[in-house]
Amino acid sequence: MLADLSPLIAATTQWLTRSYPACGGALAAALGEVQARQAVTVAAWLRYPTPTDAALVGMAGPGGSAALDWLTGADATAHDETDDFAWRTWVDEVVASWAACLLTDDALARLAVAAIADGGHATGVPVQFRRLVSPDARDRQAAALLRHPDLLAPVAGLHRPALHERLDPGRALIA
């Protein structure tokens, strides 16, 4: 069984970076992708905390990007048919939503990174998510669209309550 979340992480990162592209050339694109990948990785590790969870999503599939594409106005069927869009089937809507929440809220990102520190995914490997939890001015400039709370609000709002529940199950949410 597949207990590796890398296809889901790669596809969801690609969806975020295509939907909210970096501004300012190749370096900005790389910085934006790193930030998106870190947010998606944290979100995926929170969503699928055990090898069994990861194996189950590997078998069942994460659901694809169709609802996200509709929500953001990006109609995937309107693209050139010669393009390969099979990767879109590996996009996870909940992970994308949680990643959007983390990208737009530094305090929530720090809380999420702290929550995965005790998880099984990072065992034995020191994992740092500096560009996610403490981005510098260059990071913020490169990912201006990717970190813009108003632009990401529709995606972040989809599953924000579930993220808060995952991070603090005893706390009642106040909207």
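Our subject is the structure that appears above.
Note that the structure is predicted; figures quoted are calculated from it, not measured. (Residues numbered from 1 in each chain as written. Predicted model: local features only at pLDDT ≥ 70, side-chain atom pairs only at ≥ 80, totals over all residues. Heavy atoms only, no water.)

Quick look at the pattern of salt bridges
Move 1: Following the criterion strictly, the structure yields 6 salt bridges and no others.
Move 2: Here Arg37 ties to Glu33 by a salt bridge, and the two come within 3.2 Å at their closest N and O atoms. Of this pair, Arg37 and Glu33 both sit in helix H2 (residues 26-47), 4 residues apart, which is roughly one turn of that helix.
Move 3: Given the relative accessible area of 32%, Arg37 is considered partly exposed.
Move 4: Linking Arg147 and Asp106 is a salt bridge whose minimum nitrogen-to-oxygen distance equals 3.7 Å. With Arg147 in the loop between helix H8 (137-142) and helix H9 (149-167) and Asp106 in helix H6 (residues 106-116), the pair connects residues that are 41 residues apart, well separated along the chain.
Move 5: In the salt-bridge network here, residues are joined through shared partners; they are Asp106, Arg140 and Arg147. (Salt bridge = Lys/Arg side-chain N within 4 Å of Asp/Glu carboxyl O. Helix = DSSP H or I, 4+ residues; strand = E, 2+ residues; numbered from the N terminus. Buried < 20%, exposed > 50% of the residue type's maximum accessible area, 1.4 Å probe, protein only.)

Looking at helix H1 (residues 6-19)
For the α-helix, the turn length of 3.6 residues means that residues three or four positions removed from each other point alike.
Move 1: In this model H1 runs 20 Å from its N-terminal to its C-terminal C-alpha over 14 residues, within 8% of the 20 Å that 1.5 Å per residue would give.
Move 2: Looking only at H1, the buried set comprises Leu8, Ile9, Ala11, Thr12, Thr13, Trp15 and Leu16.
Move 3: Turning to H1, the residues buried within the fold contact H2, helix H3 (51-60), helix H4 (66-72), helix H5 (93-104) and H9. (Expected span 1.5 Å × (residues − 1). Contact = heavy atoms within 4.5 Å.)

Here we look at the packing of H2 against H5
Move 1: Running from N to C, H2 and H5 point in directions that differ by 120°, and their axes come no closer than 8 Å. Classified by the angle between their axes, H2 and H5 sit oblique to one another. For the element pair H2 and H5, the recorded crossing hand is right-handed. Contacts between H2 and H5 involve Gln35, Ala39, Val40, Val42, Ala43, Ala44, Leu46 and Arg47 from the first element and Val94, Val95, Trp98, Ala99, Leu102 and Leu103 from the second.
Move 2: Looking at the contact of H2 with H5, its residues break down into 12 nonpolar, 1 polar and 1 charged. (Axes fitted to C-alpha atoms, helices over the stretch in contact; angles between N-to-C directions. Parallel < 35°, antiparallel > 145°, perpendicular 65-115°, else oblique. Left-handed = near helix turned anticlockwise from the far one by under 90°. Nonpolar A, V, L, I, M, F, W, Y, C, P; charged D, E, K, R; others polar.)

Regarding the side chain of Ser65
Move 1: For Ser65, the location among the structural elements is in the loop between H3 and H4.
Move 2: Residue Ser65 is classed as buried on the basis of its relative accessible area of 3%.

Side note on the environment of Ala162
Move 1: Its place among the elements puts Ala162 in helix H9.
Move 2: The class of Ala162 is partly exposed, set by a relative accessible area of 37%.

No statement about biological role is implied by the geometric values presented.
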